[in-house]
Amino acid sequence: MREPSVVPFVSQISAKSRLAWLNHLRNVLPRLRIEPFGPQHDYMDTEVAIVANPDPEQLQNMPNLKWVQSLWAGVENLVHTLPDEVAVVRMTDPQLAKTMAEAVLTMTLYLHRDLPKYAEQQLDAVWEQHTLTLPEDRIVGILGLGALGRAACGTLSLNGFDVLGWSRSLRSIPDVRCYFGDDGLAELLSIADIVVILLPLTNETKGLLDKSRLS
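A quick note: this is a predicted structure, and the numbers were derived from the prediction, not measured.

Enquirer: Give a description of the pairing of strand 1 (residues 6-11) that names residues and reports values.
Expert: By the criterion of burial, strand 1 is predominantly enclosed, with six of the six residues buried. The β-α-β motif built from strand 1, the intervening helix 1 (residues 15-28) and the parallel element strand 2 (residues 33-36) has right-handed crossover chirality. Summarising the sheet, strand 1 and strand 3 (residues 48-52) pair through three bridges and their orientation is parallel. Residue Ser11 lies in a different strand from strand 3, and its bridge partner there is Ala52.

Enquirer: Please provide a residue-by-residue account of the nonpolar core, values included.
Expert: Formed by 16 residues in total, the largest nonpolar core has its most connected members in Val104, Val140, Ile142, Cys153, Leu156, Val163 and Val196. Elements supplying a minimum of two residues to this core: helix 3 (94-112), strand 6 (139-143), helix 5 (147-158) and strand 9 (194-197). Ignoring anything within four residues of it in the chain, the contact list for Cys153 reads Ile142, Leu145, Val163, Ile173 and Val176. Among the nonpolar cores identified, the runner-up in size contains 13 residues, and Val6, Ala49, Val51 and Val86 belong to it.

Enquirer: Lay out the side chain of His112 in plain terms, naming residues and giving numbers.
Expert: Here His112 lies in helix 3. Not counting residues up to four positions away in its chain, the partners in contact with His112 are Thr133, Leu134, Pro135, Arg138, Phe161 and Ile194.

Enquirer: Report on the pattern of salt bridges, specifying residues and quantitative values.
Expert: Enumeration over the complete set of coordinates arrives at four salt bridges. Note that Arg26 and Glu35 form a salt bridge whose closest N and O atoms lie 3.2 Å from each other. Of the charged contacts, one joins Lys66 and Glu47 as a salt bridge, the two residues approaching to 3.5 Å between their closest N and O atoms. Taken together, the residues span a long stretch of sequence, with Lys66 in the loop between strand 3 and strand 4 (67-70) and Glu47 in the loop between strand 2 and strand 3 at a distance of 19 residues. For Lys66, a relative accessible area of 46% puts it in the partly exposed group.

Rules used in this analysis
Residues numbered from 1 in each chain as written. Predicted model: local features only at pLDDT ≥ 70, side-chain atom pairs only at ≥ 80, totals over all residues. Heavy atoms only, no water. Buried < 20%, exposed > 50% of the residue type's maximum accessible area, 1.4 Å probe, protein only. Helix = DSSP H or I, 4+ residues; strand = E, 2+ residues; numbered from the N terminus. Right-handed = clockwise from strand over helix to strand, strands pointing away. Pairing = 2+ DSSP bridges. Core = buried A, V, L, I, M, F, W, Y, C linked by side-chain atoms within 4.5 Å. Contact = heavy atoms within 4.5 Å. Salt bridge = Lys/Arg side-chain N within 4 Å of Asp/Glu carboxyl O.

Okay, structure coming up:
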């Protein structure tokens, strides 16, 4: 009986994380021969690859590749380098959106509560309180209203922030003022105190925030 083709796990993550992923994947997909990418394997017959922040060049020598399953949400480094006929599938895990929303809230609070200023004072052994701005008086703009952006908008709104959202086309999100298009982006940037980018890197979004917009 012919040995099944290797399903390579291609990644640029730590050895510890790679081993954890391999153990989990092998447990839930026992019929597949999932192995870390390496020169010891022949990938001429490989049709499916599983990736986590891969080096796209490592997928170039798989002539029969048809499907790339990314364990990450971002796949920008793949879609611009692989042939169009190769399907690139990304994760849309609800837990991922929740985790990202938590990270956005963390960094927003870091800036909202002037923690960089207080950390600088701490180094100088200075205790000085500064005026506290309430969340409802702090405008936070979210660029990108996909699954991650919508989750971030909801978490920020629940914590009292005045939230703005922007996307290429008009969206509607409860408790969020939504903008779209070039004019909408200019308006959002003119009034937001904090801006969070949750956009994929594409030809349309590359350079979206240039010198003129950031000024």
